[in-house]
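Tertiary structure, described
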Amino acid sequence: MIIVNTVSDLRASLASARDGGKLIGLVPTMGALHEGHASLVRRCVAENDVCVVSVFVNPTQFNDKNDLLSYPRDLDADCRLLSDIGAHIVFAPTVEEVYPEPDERRFSYPPIDTVMEGAKRPGHFNGVCQVVSKLFYFVEPQRAYFGEKDFQQIAVVRAMTADLRLPVEIIACPIVREPSGLALSSRNQLLTPQERETATTIARTLVESTLWAKTLSVAEVHDRVVATLDATDGLRTEYFQIVDGDTLQPVSRWTQSHSIVGCITVYCGERPVRLIDNIRYK
Ligand code: PAF
């Protein structure tokens, strides 16, 4: 495995693979890697000749300075994990390397990027599109792998890829969970052991809600999920929306779409830590 920090070194290390017609896969990450990332990298290694993993905490997608500052970073540990899994190239650039000039491009894909995370974190998806489009230009992968925990992010990245006519297949990979059900996230590192225990209520409630959905209306399931979580000490729901899995617009009836997903963001603990998760109803 090689580690490169510049776009020119990255391109040089990919040149012979590209000339040889080899398949290049990309796993974009912000580091602090866990088993969820590992599952994306394993799949990328299995399905491509070359697996590139980018490790870059992208400042333009953080609308909260403290969130950016507290984001966990450990490149050495990340590289050990990636080497064990068999990744070929780690691209770990500086902010100046990715953004030699401020990125003035604006990406907007309403209504997909205006709801949920788009509404709560203004500018977040614009930043995600800025960095992912740059990574696609730098790496020119045939495939890119994203985790379904960030359900809305995948929809936005698909819209951006189609908009820019980029020949990259976006591959969505299932959420990886702890045995407790807690969705793996780099932010889990910021939880105390007690908060981590509390956070397991999120996934447990979402799973229970798939049973409630057999007899209750969409609005009733929504209200019961929010009431259950908000009644738990240390949890505060920011939003829970039951949406069409393609358009991400709220649904009011279970028969309204062939694909229905509940997307949630919950604040957990003292700091507090912002956790997201989702569950598929159909
Ligand atoms: O999902 C993430 O970790 C980030 O949003 C991504 C896709 C690596 C872009 O910075």
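Everything that follows concerns the structure shown earlier in this document.
Below is a short write-up of the structure. Computed from a prediction, not measured in an experiment: that's the story for all the values here. (Residues numbered from 1 in each chain as written. Predicted model: local features only at pLDDT ≥ 70, side-chain atom pairs only at ≥ 80, totals over all residues. Heavy atoms only, no water.)

Below, the discussion takes up the site of the ligand. Residues in close proximity to the ligand include Pro 28, Thr 29, Met 30, Asn 58, Gln 61, Val 131, Phe 146, Asp 150 and Gln 153, which together make up its full environment. Measuring from an oxygen atom of the ligand, one finds a side-chain N or O atom of Gln 153 at 2.7 Å. The fraction of the free accessible surface of the ligand (290 Å²) that becomes covered by protein chains is 89%. Here the ligand is seated within the largest cavity. Across the shell around the ligand, the residue classes break down as 4 nonpolar, 4 polar and 1 charged. (Near = heavy atom within 4 Å. Polar contact = N/O pair within 3.5 Å; in protein donor to acceptor, adjacent residues only side chain to side chain. Areas by Shrake-Rupley, 256 points an atom, 1.4 Å probe, with all protein chains shown as cover. 1 Å grid on protein atoms, 1.4 Å probe; cavity = no way out; pocket = protein on both sides within 12 Å on 5 of 7 lines; lining within 4 Å. Sits in = over half its atoms within 2 Å of the grid points. Nonpolar A, V, L, I, M, F, W, Y, C, P; charged D, E, K, R; others polar.)

Between its first and last C-alpha, helix 2 (residues 35-47) extends 18 Å over 13 residues, near the 18 Å set by a 1.5 Å rise per residue. All buried positions along helix 2 are accounted for by Gly 36, His 37, Ala 38, Leu 40, Val 41 and Cys 44. In this structure, the buried residues of helix 2 make contact with strand 2 (24-29), strand 3 (50-55), helix 4 (75-85), strand 5 (143-147) and strand 6 (169-173). (Helix = DSSP H or I, 4+ residues; strand = E, 2+ residues; numbered from the N terminus. Expected span 1.5 Å × (residues − 1). Buried < 20%, exposed > 50% of the residue type's maximum accessible area, 1.4 Å probe, protein only. Contact = heavy atoms within 4.5 Å.)

A separate point is the layout of surface pockets. In this structure, the largest pocket spans a volume of roughly 290 Å³. Forming the boundary of the largest pocket are 15 residues, of which Asp 64, Asp 67, Arg 187, Pro 272 and Arg 274 lie nearest the centre. If you list the elements that add at least two residues to the lining of the largest pocket, you get helix 3 (65-70) and strand 9 (273-280). It is helix 3 that contributes the most residues to the lining of the largest pocket, 3 residues altogether. Partitioned by chemical class, the residues of the lining of the largest pocket number 4 nonpolar, 3 polar and 8 charged. (Points joined across faces, edges and corners; volume = space filled by probe spheres on them.)

Turning to empty space enclosed by the protein, a few remarks are in order. In total, this model carries 2 cavities of 30 Å³ or more according to the counting rule given. In this structure, the largest cavity encloses a volume near 820 Å³. Mapped onto the lining of the largest cavity, the elements with two or more residues apiece are strand 2, helix 2, helix 7 (124-139), strand 5, helix 8 (151-163), strand 8 (260-268) and strand 9. Tallying contributions element by element places helix 7 first for the lining of the largest cavity, with 6 residues. Lining the second largest cavity are Lys 149, Leu 182, Ala 183, Ser 185, Asn 188, Ala 199, Ile 202, Ala 203, Leu 275, Ile 276 and Asp 277. Sorting the residues of the lining of the second largest cavity by element identifies helix 9 (193-212) and strand 9 as the ones contributing at least two each. Looking at side-chain class alone, the lining of the second largest cavity contains 7 nonpolar, 2 polar and 2 charged residues.

Another aspect to go through is the sheet that holds strand 7 (residues 235-244). Taken in spatial order, the 3 strands line up as 7-8-9 in an open sheet, and their pairing is antiparallel. For this open sheet the edge positions go to strand 7 and strand 9, each flanked by a neighbour on one side alone. Averaged over neighbouring strand pairs, the angle between their axes works out to 15 degrees when direction is ignored. The pairing of strand 7 with strand 8 spans 9 bridges and is antiparallel. Its bridge partner being in strand 8, Arg 236 is matched across the sheet by Tyr 267. Against the sheet, helix 10 (residues 218-230) makes contact with strand 7 and strand 8, and its axis sits at roughly 160 degrees relative to strand 7, the strand it touches most. (Pairing = 2+ DSSP bridges. Axes fitted to C-alpha atoms, helices over the stretch in contact; angles between N-to-C directions.)

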